[in-house]
Amino acid sequence: EDPRLIEALTAFVRLPERRVVLLGGHFDGVARSCPRFVAWRRVWSHAVDALRPADDGVQLPTVLLADRNIAVQVFDRVHWLGRVLVGEPGVHRLGDEIDAFAQRSEPTFGVRTLGL
């Protein structure tokens, strides 16, 4: 919800061929607690995908992958312990792993909520 993050995301998706891919089990918490991000996503929906695994039993990694050059990987979700990888083969491995998850995923977290 930090306006600086929204500005940084805007600058990122304005660059050629840039995409933001969110991969998660569910996005209910994001919709409730991040209204600025949800509003931003409506504007930039052509550059932002939200996916969830088709198989609910899949354990997703907690990873932020930026441009396939930098990755932040969280090992302990309770204490937020992890590591940062920069330009290492591990970043490419994580990118391949995320791509594999994305290929076995389906769209979720609609940009607009339909109601009756």
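Cut-offs applied
- Each chain carries its own residue numbering, running from 1 in the written order of its sequence.
- Local features in this predicted model are restricted to residues of pLDDT 70 or higher, and side-chain atom pairs are both shown and tallied only at a pLDDT of 80 or more, whereas totals for entire chains, interfaces and linings draw on every residue.
- Water and hydrogen atoms were dropped before computing side-chain values, which therefore reflect all heavy atoms in the structure.
- Axis lines are fitted to C-alpha atoms, over the contacting stretch for helices. Their N-to-C directions set the angle, which ranges from 0 to 180 degrees.
- The helix count covers DSSP runs of H or I at least four residues long, the strand count covers runs of E at least two residues long, and both are numbered beginning at the N terminus.
- Orientation is classified from the angle alone, with under 35 degrees giving roughly parallel, over 145 giving roughly antiparallel, 65 to 115 giving roughly perpendicular, and any other angle giving oblique.
- In a left-handed crossing the near helix is turned counterclockwise from the far helix by less than a right angle, and in a right-handed crossing that turn is clockwise.
- Any two residues having at least one pair of non-hydrogen atoms within 4.5 Å are treated as being in contact.
- When residue character is reported, Ala, Val, Leu, Ile, Met, Phe, Trp, Tyr, Cys and Pro are called nonpolar, Asp, Glu, Lys and Arg charged, and the others, Gly included, polar.
- Here, any two strands with at least 2 DSSP bridges between them count as paired.
- Counting of polar contacts relies on pairs of N or O atoms within 3.5 Å, with two restrictions inside protein: one atom must be capable of donating a hydrogen and the other of accepting it, and residues adjacent in sequence are counted only when both atoms are side-chain atoms.
- Within 6.5 Å between ring centres, the rings of Phe, Tyr and Trp (the latter by its six-membered ring) count as paired, and their orientation is classed by plane angle as stacked under 30 degrees, edge-to-face over 60, tilted in between.
- Accessibility here uses a 1.4 Å probe with only protein chains present; expressed as a share of the type maximum, an area under 20% marks a residue as buried, one over 50% as exposed, and anything in between as partly exposed.
- Whether a charge sits over a ring depends on NZ of Lys or CZ of Arg being within 6 Å of the ring centre and within 35 degrees of the ring normal.

## Observations regarding the packing of helix α1 (residues 3-14) against helix α3 (residues 35-43)
Here is step 1 of the chain: Two numbers describe how α1 lies on α3: the axes approach to 10 Å, and their chain directions differ by 20°. In terms of axis orientation, α1 runs roughly parallel to α3. Regarding α1 and α3, the two cross each other, and that crossing is right-handed. Contact residues: α1 offers Pro-3, Ile-6, Leu-9, Thr-10 and Val-13, while α3 offers Arg-36, Phe-37 and Trp-40.
Here is step 2 of the chain: For the contact of α1 with α3, a count of residues per class yields six nonpolar, one polar and one charged.

## Section: the pairing of strand β5 (residues 81-86)
A regular strand carries its side chains on alternate faces of the sheet.
Here is step 1 of the chain: Relative to β5, strand β4 (residues 70-76) runs antiparallel, the two being bridged by six bridges. Pairing of Val-72 across the sheet is with Val-84, part of β5.

## Describing the side chain of Ser-105
Here is step 1 of the chain: Assignment of secondary structure puts Ser-105 in strand β6 (residues 105-107).
Here is step 2 of the chain: Within polar-contact distance, the side chain of Ser-105 engages the backbone oxygen of Phe-101 at 2.5 Å.

## As for the packing of aromatic side chains
Here is step 1 of the chain: Throughout the structure, instances matching the rule amount to two aromatic pairs.
Here is step 2 of the chain: Arranged with centres 5.3 Å apart and planes meeting at 10°, the rings of Phe-27 and Phe-109 form a pair that is stacked. In this pair, Phe-27 is assigned in the loop between β1 (20-23) and α2 (28-33) and Phe-109 in the segment after β6, connecting sequence segments 82 residues apart. Here Phe-27 matches Phe-109 in class, with each residue buried.
Here is step 3 of the chain: Across from the ring centre of Phe-109, 4.4 Å away, lies the NZ or CZ of Arg-41, which sits over that ring.

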